[in-house]
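Results of the structural survey
Here's the letter readout for the chains.
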Amino acid sequence: MGKALEGVRILDFTHVQSGPTCTQLLAWFGADVIKVERPGTGDITRGQLRDVPNVDSLYFTMLNHNKRSITLDTKNQKGKEVLEALVKHCDVLVENFAPGVLDRMLPWEKIQELNPRMVVASIKGFGPGPYEDCKVYENVAQCAGGSASTTGFRDGLPLVTGAQIGDSGTGLHLALGIVTALFQREKTGKGQRVTCAMQDGVLNLCRVKLRDQQRLAHGPLKEYSQFGEGIPFGDAVPRAGNDSGGGQPGRILKCKGWETDPNAYIYFITQAPVWEKICDVIGKPEWKSDPNFAKPEARLPRLNEVFGTIEEWTMTKTKFEAMEILNQYDIPCGPILSMKEIIEDRSLYETGTLVEVDHPTRGQYVTVGSPIKLSDSPAEVVRSPLLGEHTQEILRDVLGFSESQMEEIEGSGALGGGAHRIAAE
Ligand code: COA
């Protein structure tokens, strides 16, 4: 059986993290993703944060599975011709260059002239407005999208999160935009532009905080710990530590071993429907009828006391023991798992969430498989390409160039003077 996006060809000008996340997803769903890279260096991440000398970094390999790589100097005259031929043979162009670069390389009007069916998808740091010309990386987006000001503890600095919501988050948004534009093309026969700003992507993921900003006008945010602590609210949403962002209060609590293990913690949610069971488990059955604790509204000013008492119980159990007990009573909770615990969890390999990949120069490594599972289009992870590994095959099989045309292109230096061949060997 074919893959969901079989027959869709992507001209992939993405680099670093945001764009490659998007095209990797499309490749997992079966699109033919042709990654165009600058001769010699390629995607800058190939050489960044290297753990093994002279080998593509994990940064690169883990974001570029299932793609083909062609090296092409788009500033070379012959290279420009190859680029235009690629535009004619592809369905989607994806890029996350700095603002203005694509217009200088190949303007939208020219792309439409070459291929009116082409979808052109772009990630930029900001949308139109005062910051539209700015270059942006992950943490800039987290700061400008409202995440940093609402992450961390009230009395500490704003914090960025380890989840790459600016880069990978925006890549996910863009992938949805692309398949949606392809779906519309089925009806109209026309391509269109798809744009995602990283600031917008982060803000979309922080919409509960914009909700809280508006609630502030009508009184304190009672589910925030600072309400129970009697600390007045200012005019902007404060940082809420590990408070739950929803209507069911939650916190991170210590478990047995916390003194030496930085991850001996559990997230504990005092979900209202299971409150009575929580009281029984932690040895506080009297709270079930105590007017100070029986109802959710009564508990809000006393969350420190509530969670302090629950923590006295969780500290007597390891996070896994606590999980086992709490799950018997349907009490929502989750262990704080370290990356070491995650990479060693064999059950994640059975579902394809983690995958072991063989790579010709680095050997075996572990990556994250597709988090989106399609029953008729399972994603099989194929190692990332070496720099320029598929240059010849793309010129010949996709563009239909003859041997003499290929020699002419090679002779012009557009492919980087054979650098791709060396890299591929
Ligand atoms: N052949 C020849 N030139 C090439 C090329 C190729 N195959 N691929 C890229 N280039 C050139 C471009 O044409 C451009 O040249 P120009 O400025 O003379 O027109 C140049 O490379 C720079 O590309 P750019 O994307 O601007 O790289 P950068 O290192 O200056 O900036 C970012 C990096 C990430 C800051 C920037 O791309 C950006 O802001 N992207 C949008 C937001 C984003 O995705 N950020 C997150 C990244 S994870």
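These numbers were taken from a predicted model, which means no experiment stands behind them.

**Structural notes on the overall build of the protein chain**
Looking only at helices and strands, the protein chain features 19 helices and 11 strands. Viewed in the frame of its principal axes, the protein chain has a C-alpha envelope of about 85 × 45 × 40 Å. Counting the 425 residues in the protein chain, one finds 46% classified as buried. At a minimum sequence separation of 6, the contacts of the protein chain that also span at least 24 residues come to 66%. Of the roughly 21100 Å² of accessible surface on the protein chain, a fraction of 54% belongs to carbon and sulfur atoms. Positive and negative side-chain charges of the protein chain, numbering 46 and 56 respectively, have mean locations separated by a distance of 3 Å.

**Some words on the site of the ligand**
In the vicinity of the ligand lie 23 residues, with Leu72, Lys75, Arg104, Lys135 and Val136 positioned nearest. At a separation of 2.9 Å, a nitrogen atom of the ligand approaches a polar backbone atom of Asn96. Between an oxygen atom of the ligand and a side-chain N or O atom of Arg104, the distance comes to 2.9 Å. When the free accessible area of the ligand is taken as 940 Å², the share hidden by the protein chains comes to 84%. Top contributing element to the shell around the ligand by residue count: helix H4 (residues 101-105), with 3 residues.

**Section: the confidence of the model for the protein chain**
For residues with low pLDDT, the predicted coordinates do not support detailed interpretation. On average, the protein chain scores 96 in pLDDT, and the residues at 70 or more come to 98%. This stretch, residues 418-425, has a pLDDT under 50; its non-local contacts, to residues over four places away or in other chains, come to 16 contacts.

**Thoughts on the sheet that holds strand E7 (residues 250-254)**
Spatially, 3 strands are ordered E7-E8-E9 in an open sheet, and the strand pairing comes out antiparallel. Only two strands of the sheet have a single neighbouring strand rather than two, namely E7 and strand E9 (333-335). Going from strand to strand, the sheet's axes swing by 20° on average, the running direction of each strand aside. Of the strands in this sheet, E7 and strand E8 (265-269) are in contact with helix H13 (residues 303-314), which crosses E7 at around 40°.

**Here's the deal with the sheet that holds strand E1 (residues 9-13)**
Taken together, 6 strands build an open sheet; the order of strands is E3-E2-E1-E4-E5-E6 and the sheet is parallel. The open sheet terminates on both sides in strands that have one partner only, identified here as strand E3 (67-71) and strand E6 (193-197). Across this sheet, the average inter-strand angle for adjacent strands is 20°, counted without regard to direction. Pairing of E1 with strand E4 (residues 92-95), which is carried by 4 bridges, proceeds in the parallel orientation. Directly across from Asp12, in E4, lies its bridge partner Val94.

**Description of the pattern of salt bridges**
Following the criterion strictly, the structure yields 27 salt bridges and no others. Between Arg215 and Glu223 there is a salt bridge, and its shortest N-O distance comes to 2.9 Å. Residue classification places Arg215 among the partly exposed residues on the basis of a relative accessible area of 33%. For Glu223, a relative accessible area of 11% translates into the label buried. For Glu297, the salt bridge goes to Lys222, with nearest N and O atoms at 3.5 Å. Remark: Lys222 occurs in the loop between helix H9 (207-215) and helix H10 (225-228) and Glu297 occurs in helix H12 (residues 296-299); sequence separation between them is 75 residues. Residue classification places Lys222 among the partly exposed residues on the basis of a relative accessible area of 35%. Among the ionic contacts, a cluster of salt bridges with common partners joins Arg9, Asp32, Arg68 and Glu393.

**Quick look at a nonpolar patch on the surface**
Taken together, Leu172, Ile372 and Leu374 make up a surface patch of nonpolar side chains, about 220 Å² in accessible area. With relative accessibility at 32%, the residue Leu374 sits in the partly exposed group.

**Structural notes on the packing of helix H1 (residues 18-28) against helix H7 (residues 167-188)**
The geometry of H1 relative to H7 is characterised by a closest axis approach of 7 Å and an angle of 45° between their N-to-C directions. In terms of orientation, H1 and H7 fall into the oblique class. Like other packed secondary-structure pairs, H1 and H7 cross with a definite hand, here right-handed. Facing Ser18, Thr21, Cys22, Leu25 and Leu26 of H1, the residues of H7 in contact are Asp167, Ser168, Gly171, Leu172, Leu174, Ala175, Ile178 and Val179.

**Here's the deal with the nonpolar core**
Judged by nonpolar contacts, the single largest core of 34 residues is most densely connected at Ile10, Leu26, Val92, Val94, Leu174 and Ile178. Secondary-structure elements contributing two or more residues to this core are H1, E4, strand E5 (119-124), H7, E6, helix H8 (198-205) and strand E10 (354-359). Contacts of Val94, omitting those with residues within four sequence positions, involve Ile10, Leu11, Asp12, Phe13, Thr14, Cys22, Thr23, Ala121, Leu174 and Ile178. With 31 residues, the next largest nonpolar core counts Ile111, Leu114, Ala414 and Leu415 among its residues.

Calculation notes
- Residues numbered from 1 in each chain as written.
- Predicted model: local features only at pLDDT ≥ 70, side-chain atom pairs only at ≥ 80, totals over all residues.
- Heavy atoms only, no water.
- Helix = DSSP H or I, 4+ residues; strand = E, 2+ residues; numbered from the N terminus.
- Buried < 20%, exposed > 50% of the residue type's maximum accessible area, 1.4 Å probe, protein only.
- Contact = heavy atoms within 4.5 Å.
- Areas by Shrake-Rupley, 256 points an atom, 1.4 Å probe, with all protein chains shown as cover.
- Lys, Arg positive; Asp, Glu negative; His and termini not counted.
- Charge placed at Lys NZ, Arg CZ, Asp CG, Glu CD.
- Near = heavy atom within 4 Å.
- Polar contact = N/O pair within 3.5 Å; in protein donor to acceptor, adjacent residues only side chain to side chain.
- pLDDT = per-residue confidence, 0-100.
- Pairing = 2+ DSSP bridges.
- Axes fitted to C-alpha atoms, helices over the stretch in contact; angles between N-to-C directions.
- Salt bridge = Lys/Arg side-chain N within 4 Å of Asp/Glu carboxyl O.
- Patch = residues over 30% accessible without salt bridge, like charges linked within 9 Å, V, L, I, M, F, W, Y side chains within 5 Å.
- Parallel < 35°, antiparallel > 145°, perpendicular 65-115°, else oblique.
- Left-handed = near helix turned anticlockwise from the far one by under 90°.
- Core = buried A, V, L, I, M, F, W, Y, C linked by side-chain atoms within 4.5 Å.

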